[in-house]
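Analysis of the macromolecular model
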Amino acid sequence: MPRDSEELCPPTVKGEENIDPASSSSDLSTTSTSSLPPQLSKPTSTLYPLPLYLSSFSLIERYLHLTPLTPTTFTNTNALWQTPGARGIYGGEIIGQSIVAAASTIPENFWLHSIHAYFVLAGDARVPITYEVVNIRTGRSFATRQVKALQRGEVIFVIMASFQKPVAEARRQSGSVAEWQVEMPDVPKPNEVLSEEEKLKKGEELCTNLRSTIAYKKSKNPEDPTIPTDEQTLSTASTAVIHRKYRLDKDPFEWRKLQPSTYPPSQPYSERKVRFWVRTRKPLLPQAMSGIPHVQLAALAYFTDNWFIGTVRRVNDAAGRKNLKMLVSLDHTVYFHLGKETRVDGREEDKDGEWLLVEMDAQWVGEERGVVTQRVWRGGDGRLVATCVQEGLVRLREGAVRVGERGEEGAVVRSKL
């Protein structure tokens, strides 16, 4: 996500489980029509009308689809996504589209194995993005591409992507390829965790009960001192219901949250984990049908930006929303471990193995920055699919922490709360 923001955006459609807003500075978010290029004198987020065939695509395929302008230049086909309450484009969308642009210039049988990205300026969802791909090198085993994302002629995002030819199976069988990984943690299975639909139903039931309770109390005693508290609870619950309804309609991914509501007070912040299961809501088309190269890998990169730097505020109340002034991404790295075997679209409803398990933690926070790590495993066999690292700006409001007091491991400032 972009780095230019003077304050934290208000809650977005994700509620307490929201995608961290892609914030932008006020001068970018209030750009007037007159400042746009002549061909965009009326703001629009695509250069061309939306092709009719995209209506048969899943949401994530629409978000990732690009229109070629030249063999090395592309633009977004679908309208850019900006969540309500946020003031910029969702960073994962730019990451995913950049991967598609880079992969569109790569010879066959090369597969993405890493990206290193930097958010330079806030993206404006009203203006098309142009992706310019530079062929740094195409070798026998590796190929490297640089992609710059531009709006109004300015670079808003830059990424380096590296692709590798798969290791020959003969070498693997000969014992000349070292292999190991960190094991997947033992956590509740997806079918043991409430779905978003189930949470929505519970939220709607809560709102119905609260309305009845408030109406009854008012009929008995309009001055009942508990009524304001019930009304505030109803307002919060109603907002959560609206958020979940929007997510079910607009979010291309399905989530099953595993994060505990509280952590043991003695547990160091750096050891606290945020976990959830994830998969796309609909299966993805083969590349031959969608025209989206490396679509599974791009979709994986897309969701890795969800809640990532937000891990900081989830593991430490002092960095919670009410104390945050700024929380935005600075850079983003993903290492893809399975290449063409990567899948994010398992659809067997009763099979836990069709999901991906995500685990995130905040290894270091200081100097108004934070470094968070993320691991993604395949639920069925526990294979590590990806490892991610993100650094973000973590700026708190004055008085949020006790000056000079540090966590038990001596690395993180203690909460004042």
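Residues numbered from 1 in each chain as written. Predicted model: local features only at pLDDT ≥ 70, side-chain atom pairs only at ≥ 80, totals over all residues. Heavy atoms only, no water.

**Overview of the overall build of the chain**
The number of helices and strands found in the chain is nine helices and 14 strands. In the chain, which comprises 417 residues, the proportion classed as buried is 51%. Sequence separation of 24 or more characterises 72% of the internal contacts of the chain that already satisfy a separation of 6 or more. Accessible surface computed for the chain: about 19700 Å², of which carbon and sulfur atoms make up 52%. (Helix = DSSP H or I, 4+ residues; strand = E, 2+ residues; numbered from the N terminus. Buried < 20%, exposed > 50% of the residue type's maximum accessible area, 1.4 Å probe, protein only. Contact = heavy atoms within 4.5 Å. Areas by Shrake-Rupley, 256 points an atom, 1.4 Å probe, with all protein chains shown as cover.)

**A look at the sheet that holds strand E2 (residues 73–76)**
Taken in spatial order, the 12 strands of this open sheet run E1-E2-E4-E5-E6-E3-E9-E12-E11-E10-E8-E7, and their pairing is antiparallel. The strands lining the two open edges of the sheet, one partner per strand, are strand E1 (66–70) and strand E7 (253–257). On average, each strand axis in the sheet is tilted by 25° relative to the strand beside it, whichever way the strands run. For strand E3 (residues 111–119) and strand E6 (residues 154–164), the ladder comprises eight bridges, and the chain directions are antiparallel. Within E6, the residue paired with Trp111 across the bridge is Gln164. Most of the contacts of helix H3 (residues 91–103) go to E6, to which it runs at about 55°, and overall it touches E1, E2, E3, strand E4 (130–138), strand E5 (142–151), E6 and strand E9 (324–336). (Pairing = 2+ DSSP bridges. Axes fitted to C-alpha atoms, helices over the stretch in contact; angles between N-to-C directions.)

**Some remarks on helix H8 (residues 295–304)**
For H8, the buried fraction is high: 10 of the 10 residues fall into the buried class. Those residues of H8 lying buried are Val295, Gln296, Leu297, Ala298, Ala299, Leu300, Ala301, Tyr302, Phe303 and Thr304.

**Concerning the pattern of salt bridges**
Summed over the entire model, instances satisfying the criterion amount to 19 salt bridges. For Arg343, the salt bridge is made with Asp345, and the minimal N-O distance between the two is 2.9 Å. Judged by relative accessible area, Asp345 falls into the buried class, the value being 4%. One network of salt bridges, in which partners are shared, links Lys273, Arg275, Glu359, Asp361 and Arg375. (Salt bridge = Lys/Arg side-chain N within 4 Å of Asp/Glu carboxyl O.)

**Quick notes on the packing of aromatic side chains**
Inspection of the entire model under this criterion finds 11 aromatic pairs. The interplanar angle of 70° and the centroid separation of 5.0 Å between the aromatic rings of Tyr90 and Tyr302 together place this pair among those described as edge-to-face. Here Tyr302 lies in helix H8 and Tyr90 lies in the loop between E2 and H3, a separation of 212 residues in the sequence. Each of the two residues, Tyr90 as well as Tyr302, counts as buried. Look at Trp255 and Trp307: their rings are 4.7 Å apart centre to centre, the planes differ by 45°, and that puts the pair in the tilted class. Placement of Trp255 in strand E7 and of Trp307 in the loop between H8 and helix H9 (311–315) is noted, with a sequence separation of 52 residues between them. Through a chain of ring-to-ring contacts, three or more aromatic side chains come together here, namely Tyr63, Tyr90, Phe253, Trp255, Phe276, Tyr302, Phe303 and Trp307. (Phe/Tyr/Trp six-rings, centres within 6.5 Å; stacked < 30°, edge-to-face > 60°.)

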